[in-house]
Amino acid sequence: MLDVYFAIAANRVLVDTRTNQVSIIDVYEKLEAPKFPVFLPKVTLLFYLSREANDPQTRDLTMICDLEDQEIFNTQVHVDFQSSLTNRIVLEVEGITIPKPGSLKARIMDKDQSLGVLDLVVEQQTSASLKY
């Protein structure tokens, strides 16, 4: 059975081709905007997956992102564990529009089963939270 160990949203996720080490830059703890809808030029999602030894090495999954009950987007994700029991999914989402404040959820799905969810709060900035 596949499982998501952790999921992170950031501006950038870099994978060093020589060492295979991951660097996560500008982590999004929450998203704030002065007004809605708001356009985000780029969000990078990192999901760290594990599988059991008897699970297939490859799997076609779906990443669904929604805000409350409104689907923002979805995409197909092919995962190849290459004989390992763990793998990373790094998805760069370019040009996403967030229509309103709420709870933004990015789910990795195996057919109808959710493997894990990244939950990110989207808030409207108040005058006290605006930085000049």
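Rules behind the numbers
- Residues numbered from 1 in each chain as written.
- Predicted model: local features only at pLDDT ≥ 70, side-chain atom pairs only at ≥ 80, totals over all residues.
- Heavy atoms only, no water.
- Helix = DSSP H or I, 4+ residues; strand = E, 2+ residues; numbered from the N terminus.
- Buried < 20%, exposed > 50% of the residue type's maximum accessible area, 1.4 Å probe, protein only.
- Contact = heavy atoms within 4.5 Å.
- Areas by Shrake-Rupley, 256 points an atom, 1.4 Å probe, with all protein chains shown as cover.
- Lys, Arg positive; Asp, Glu negative; His and termini not counted.
- Charge placed at Lys NZ, Arg CZ, Asp CG, Glu CD.
- Phe/Tyr/Trp six-rings, centres within 6.5 Å; stacked < 30°, edge-to-face > 60°.

With that settled, consider the overall build of the protein chain. Within the protein chain, the secondary structure is distributed over zero helices and nine strands. Considered along the principal axes of its C-alpha atoms, the protein chain spans approximately 55 × 35 × 20 Å. Here the protein chain, with 132 residues, has 36% of them falling under the buried criterion. Look at the contacts in the protein chain between residues 6 or more apart in sequence, and 66% of them connect residues 24 or more apart. Carbon and sulfur atoms make up 48% of the accessible area of the protein chain, which totals about 8,100 Å². Of the charged side chains in the protein chain, 13 are positive and 19 negative; the average position of the first set lies 5 Å away from that of the second.

With that settled, the discussion passes to the packing of aromatic side chains. Across all of its chains, the model carries two aromatic pairs by this definition. Summarising the aromatic geometry, the rings of Tyr5 and Tyr48 are spaced 5.6 Å apart at their centres and angled 70° between planes, so their arrangement reads as edge-to-face. Here Tyr48 lies in strand S4 (residues 38-50) and Tyr5 lies in strand S1 (residues 3-15), a separation of 43 residues in the sequence. With a relative accessible area of 55%, Tyr5 lands in the exposed category. For Tyr48, a relative accessible area of 22% translates into the label partly exposed.

Don't take any of this as a statement about function, it's just geometry.
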